Amino acid sequence: MTEVLLEVENLKKYFNVGKQSLKAVDNVSFSVRKGETLGLVGESGSGKSTLGRTIVGLNEATDGKMVFEGKDVRTFSNKEKRKYNRIVQMIFQDPHASLNPRMKVGDIIAEGMDAHKLASGKERMDRIYSLLERVGLQGEHAKRYPHEFSGGQRQRIGIARALAVEPKFIVADEPISALDVSIQAQVINLMEDLQRDMGLTFLFIAHDLGMVKHISDRIGVMYLGSFMELADSDDLFSEPLHPYTQALLSAIPAPTVSREKRERIILKGDPPSPISPPSGCRFRTRCPHAMDVCAAKVPEWKEIRPKHWAACHLY
Amino acid sequence: MAQLLEVEQLKVSFRSHGGEVQAVRGVSFDIGHGEVLAVVGESGCGKSVTAQAIMKLLPKRGCNIKEGSIHFEGKDLLKMSGKEMKQLKGSQISMVFQDPMTSLNPTMKIGTQISEGIIKHKGLDKTQAKAKALELLKLAGIPNPESRYNQYPHELSGGMRQRVLIAIALACDPKLLIADEPTTALDVTIQAQILDLMKDLQHKFGTSIMLITHDLGVVAEMAQKVIVMYAGIVVESGTVADILERPKHPYTIGLLNSLPNYEDGEKERLIPIEGTPPDLYDPPTGCPFAARCEYAMEICVEELPKAFTVNDGHYSRCWLNDPRAPQVAEFAAAGRDES
């Protein structure tokens with residue numbers, strides 16, 4: 001559990017927007033341990049998806065290091081890159097857009113196996129069937145097209161595709177946010193079963209804090225391209241340190257009427273543009289505790305309590 | 001005339017290549033003055049179609065309102081002429097849609113879009129309408145209304161656009177606001193802002209709200225009454241406390257159970273509702289939830305249950321509420337009672 005699978009150090013991903021640069025991920029450092037689920041939350045535009053895509057290799061990092069099993073991904077040889085592309089897989093948000101509508105489900109699942117020459121002929125078909133059954137579908141579904149399936153079933157197909165190449169690490173980018181409540185729980189349970197049976201490591205990106213809490217061992221909170229806080233999920237929920245995390249948690253409406261309503265912290269305004277983020281702490285323009293120092297100095301990313309990291313001048 | 005809106009036995013179907021899709025199959029509910037009714041259900045349960053039927057936004061071709069009536073202040077909307085309906089829409093009943101990105105006209109200034117309805121329905125001239133529009137923008141919590149007035153939708157964020165849509169919807173002091181997933185496309189911190197705004201305005205003007213959502217947290221936050229829809233019918237209805245704490249339909253119980261309980265330290269396995277909703281091309285004759293229901297009995301497959309009265313104002317369409325049905329422990333234990 002304590003063995004580190006992926007160590008991200010000062011990772012940056014900038015996009016060019018005209019003459020300016022959009023700092024989607026700015027100086028992010030964290031590690032992912034073997035076999036754990038690291039949850040990543042934040043509002044739209046916080047850079048959580050960009051971070052996930054950069055780790056998988058769908059975006060090229062602008063600067064920084066990603067050390068996977070002891071070696072920097074950015075210095076990999078082509079052969080090592082091929083292996084990395086196999087053992088690190090991604091599950092996408094939109095089950096309607098992430099499956100090729102012109103391919104049969106069996107071929108979608110086997111595409112990675114074919115590319116990495118993992119199996120052929122009867123063995124290939126057998127693996128497709130067993131993968132389909134593993135994710136709760138039936139072998140005969142291999143001959144059908146994606147449009148014949150519901151959203152939840154399609155997400156299962158996406159998971160089977162990721163599993164086909166025997167990955168170690170899966171980046172799941174909002175895998176359940178397009179699904180109905182009753183189906184979300186099905187997919188979450190499937191992911192938990194797979195993790196237990198196959199020893200997978202997950203980076204679980206979502207904005208639904210309840211589900212993230214449920215599935216994650218640790219949770220990182222992002223705002224405008226940077227980490228605000230990172231802690232064990234119970235600690236984060238019971239004692240959020242960063243004012244942004246506190247506001248985020250207080251904003252979740254609870255499905256209950258009898259319980260005392262928590263004091264709600266309503267943030268003023270919208271997140272600023274990541275093209276010209278505020279000086280100092282990025283959150284200061286919406287922070288109820290903002291001080292002079294917040295505008296002047298970027299708060300240091302430090303371990304405030306054991307295993308509980310945050311970047312805030314209050315601590 | 002007791003209620004503001006009374007929908008009775010509404011049935012809507014769509015013709016398509018595969019046959020007839022029975023999207024809404026006999027839905028009845030009412031909304032009182034100043035009341036917030038939440039309509040809960042998963043995609044395809046008919047909640048949006050019901051709203052569109054009330055607003056008469058359903059396509060003329062291929063869509064058929066087969067039965068039922070929709071009475072607004074005693075008048076049947078389904079029997080109204082297009083002209084009468086036009087007068088009602090925007091002034092008496094208005095709607096906020098889910099997607100703030102696509103429901104504003106991208107080629108028109110924000111201000112023009114708000115004053116459009118005011119000029120049309122309130123008979124004000126341009127300067128008066130502008131003053132009213134600015135007041136509405138301020139009310140909707142938009143900073144610097146004067147400069148926003150002349151901006152185009154693309155210059156605003158999602159939360160801002162939703163505020164503009166609420167300003168438009170409230171421009172003519174409607175009696176009923178239909179909000180179809182008004183916060184689903186927004187981030188939680190922005191959602192909290194918008195819900196606050198809606199509650200605030202509802203208190204101020206006494207507007208009745210029909211709130212369509214799938215988020216039971218939003219329901220608890222906003223509504224007084226709830227109807228739960230499944231496969232085109234209302235399976236359970238009652239007060240918000242009835243539905244969230246004393247649910248008497250296995251589907252409602254299933255929905256509540258499938259949510260993670262993030263406030264407790266213990267990590268328990270989620271209890272999903274297995275299976276998927278039925279195909280509405282050929283809806284089952286019995287209870288539509290029977291195939292996914294762990295308590296299903298023989299009769300559930302054979303006959304659609306009537307709405308049993310649990311207590312005054314709390315109804316459940318489930319055979320388990322029949323006195324002859326076996327007692328199910330979950331019925332008593334369901335919900336999230338505080339211990």
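- As annotated in an unreviewed UniProt entry, chain B carries the name ABC transporter ATP-binding protein and comes from Fictibacillus fluitans.
- UniProt's Sequence similarities (unreviewed entry) comment on chain B is quoted here verbatim: "Belongs to the ABC transporter superfamily."

- Chain A appears in an unreviewed UniProt entry as ATP-binding cassette domain-containing protein from Fictibacillus fluitans.
- Quoted verbatim from the Sequence similarities (unreviewed entry) field of UniProt, the annotation for chain A is "Belongs to the ABC transporter superfamily."

### As for the overall build of chain B
So, step 1. Along chain B, the regular secondary structure elements total 12 helices and 12 strands.
So, step 2. For chain B, whose C-alpha radius of gyration is 21 Å, the value lies close to the compact-globule estimate of 20 Å for 339 residues.
So, step 3. The C-alpha extent of chain B, read off along each of the three principal axes, is 70 × 50 × 40 Å.
So, step 4. Taken across its 339 residues, chain B has 53% of its residues classed as buried.
So, step 5. Looking at chain B alone, contacts between residues at least 24 apart form 64% of all its contacts between residues at least 6 apart.
So, step 6. Looking at chain B, you have 36 positive and 43 negative side-chain charges, and the mean spots of the two groups are 10 Å apart.

### What to know about the overall build of chain A
So, step 1. A count of helices and strands for chain A gives 10 helices and 12 strands.
So, step 2. If you line up chain A on its principal axes, its C-alpha atoms span 70 × 55 × 40 Å.
So, step 3. Of all 315 residues assigned to chain A, the portion counted as buried reaches 55%.
So, step 4. The long-range fraction of contacts in chain A, counting pairs at least 24 apart against all pairs at least 6 apart in sequence, stands at 63%.
So, step 5. Each charge class in chain A can be summarised by its mean position, and for the 44 positive and 40 negative side chains these summaries are 4 Å apart.

### Re the state of the cysteines
Residues and elements named next belong to chain B.
So, step 1. Evaluation of the coordinates by the stated rule reveals zero disulfides over all chains.
So, step 2. The closest cysteine sulfur to the non-disulfide-bonded Cys63 is located on Cys45, 16 Å from its own sulfur.
So, step 3. Note on Cys318: no disulfide assigned, nearest cysteine sulfur contributed by Cys293 at a separation of 6.1 Å.
So, step 4. Look at Cys318 and you get buried, because its relative accessible area is 7%.

### Details of the packing of aromatic side chains
Residue and element names in this part refer to chain A.
So, step 1. For the structure shown, the criterion picks out 12 aromatic pairs over all chains.
So, step 2. Where Tyr223 meets Tyr244, the ring centres are 4.6 Å apart and the plane angle is 55°; that geometry is what we call tilted. Of this pair, Tyr223 sits in strand β9 (residues 218-223) while Tyr244 sits in helix α9 (residues 243-250), placing them 21 residues apart in sequence. Of the two residues, Tyr223 and Tyr244, both sit in the buried class.

### Focus: the UniProt feature "domain: ABC transporter" (unreviewed entry) in chain B
So, step 1. Per the UniProt entry, the sites bearing "domain: ABC transporter" (unreviewed entry) are residues 5-256 of chain B in this numbering.
So, step 2. The span residues 5-256 of chain B is 39% helical and 28% strand by assignment, and the distance between its end C-alpha atoms comes to 28 Å.

### Brief notes about the pairing of strand β1 (residues 5-16) of chain B
All names here are of chain B.
So, step 1. Relative to strand β4 (residues 63-72), β1 runs antiparallel, the two being bridged by eight bridges. Note on β4: the bridge partner recorded for Lys11 is Glu67.
So, step 2. Where β1 and strand β2 (residues 19-31) come together, 10 bridges link them in antiparallel fashion. Looking at β2, one finds that Leu10 is bridged to Val27.

### Details of the interface of chain A and chain B
So, step 1. Taken together, the contact between chain A and chain B spans 42 residues of the former and 42 residues of the latter.
So, step 2. Taking both sides of the interface into account, the surface hidden between chain A and chain B amounts to around 3900 Å²; carbon and sulfur atoms contribute 53%.
So, step 3. On inspection of chain A and its partner chain B, the count reaches two salt bridges.
So, step 4. We note a salt bridge from Asp193(A) to Arg269(B), for which the minimum N-O separation is 3.0 Å.

### Observations regarding the layout of surface pockets
So, step 1. In this structure, the largest pocket spans a volume of roughly 1000 Å³.
So, step 2. What lines the largest pocket is a set of 44 residues, among which Ser177(A), Gln184(A), Thr184(B), His214(B) and Asp215(B) lie closest to the centre.
So, step 3. Broken down by secondary-structure element, the contributors of at least two residues to the lining of the largest pocket are α6 (181-198) and α7 (209-215) of chain A together with α1 (47-54), α7 (188-205) and α8 (216-222) of chain B.
So, step 4. Per-element tally for the lining of the largest pocket: the top contributor is α1(B), with four residues.

### Topic: the sheet that holds β2(B)
Residues and elements named next belong to chain B.
So, step 1. Strand order in the open sheet formed by four strands is β2-β1-β4-β5, with antiparallel pairing between adjacent strands. Two strands close off the open sheet at either side, each with one partner strand: β2 and β5 (75-76).
So, step 2. Most of the contacts of α1 go to β1, to which it runs at about 110°, and overall it touches β1, β2 and β4.

### Description of the packing of helix α3 (residues 110-122) of chain B against helix α6 (residues 158-170) of chain B
Residue and element names in this part refer to chain B.
So, step 1. One can describe the packing of α3 onto α6 by two numbers: an axis separation of 8 Å at closest approach and a directional angle of 20°. Taken together, the axis directions place α3 and α6 in an arrangement best described as roughly parallel. As α3 packs across α6, the resulting crossing turns out to be right-handed. Counted together, Ile110, Gln113 and Ile114 of α3 and Val164, Ala167 and Ile168 of α6 form the full contact between these two elements.
So, step 2. For the contact of α3 with α6, the class distribution of residues is five nonpolar, one polar and no charged.

### Some thoughts on the side chain of Thr213(B)
Residue and element names in this part refer to chain B.
So, step 1. Looking at where Thr213 falls in the secondary structure, it is placed in strand β8 (residues 208-213).
So, step 2. Note on Thr213: relative accessible area 4%, which makes it buried.
So, step 3. Here the side chain of Thr213 touches Asp215 through a polar contact of 2.9 Å, landing on its backbone nitrogen.
So, step 4. Apart from the residues within four sequence positions on either side, Thr213 is in contact with Val39, Val40, Gly41, Lys47, Glu181, Val218 and Val219.

The rules behind the values
- Residues numbered from 1 in each chain as written.
- Chains lettered and ligands numbered in written order.
- Predicted model: local features only at pLDDT ≥ 70, side-chain atom pairs only at ≥ 80, totals over all residues.
- Heavy atoms only, no water.
- UniProt positions renumbered as here; feature names shortened; annotations may be inferred.
- Helix = DSSP H or I, 4+ residues; strand = E, 2+ residues; numbered from the N terminus.
- Rg over C-alpha atoms; globule rule 2.2 N^0.38 Å.
- Buried < 20%, exposed > 50% of the residue type's maximum accessible area, 1.4 Å probe, protein only.
- Contact = heavy atoms within 4.5 Å.
- Lys, Arg positive; Asp, Glu negative; His and termini not counted.
- Charge placed at Lys NZ, Arg CZ, Asp CG, Glu CD.
- Disulfide = S-S within 2.5 Å.
- Phe/Tyr/Trp six-rings, centres within 6.5 Å; stacked < 30°, edge-to-face > 60°.
- Pairing = 2+ DSSP bridges.
- Buried area = accessible area lost by both parts, 1.4 Å probe.
- Salt bridge = Lys/Arg side-chain N within 4 Å of Asp/Glu carboxyl O.
- 1 Å grid on protein atoms, 1.4 Å probe; cavity = no way out; pocket = protein on both sides within 12 Å on 5 of 7 lines; lining within 4 Å.
- Points joined across faces, edges and corners; volume = space filled by probe spheres on them.
- Axes fitted to C-alpha atoms, helices over the stretch in contact; angles between N-to-C directions.
- Parallel < 35°, antiparallel > 145°, perpendicular 65-115°, else oblique.
- Left-handed = near helix turned anticlockwise from the far one by under 90°.
- Nonpolar A, V, L, I, M, F, W, Y, C, P; charged D, E, K, R; others polar.
- Polar contact = N/O pair within 3.5 Å; in protein donor to acceptor, adjacent residues only side chain to side chain.

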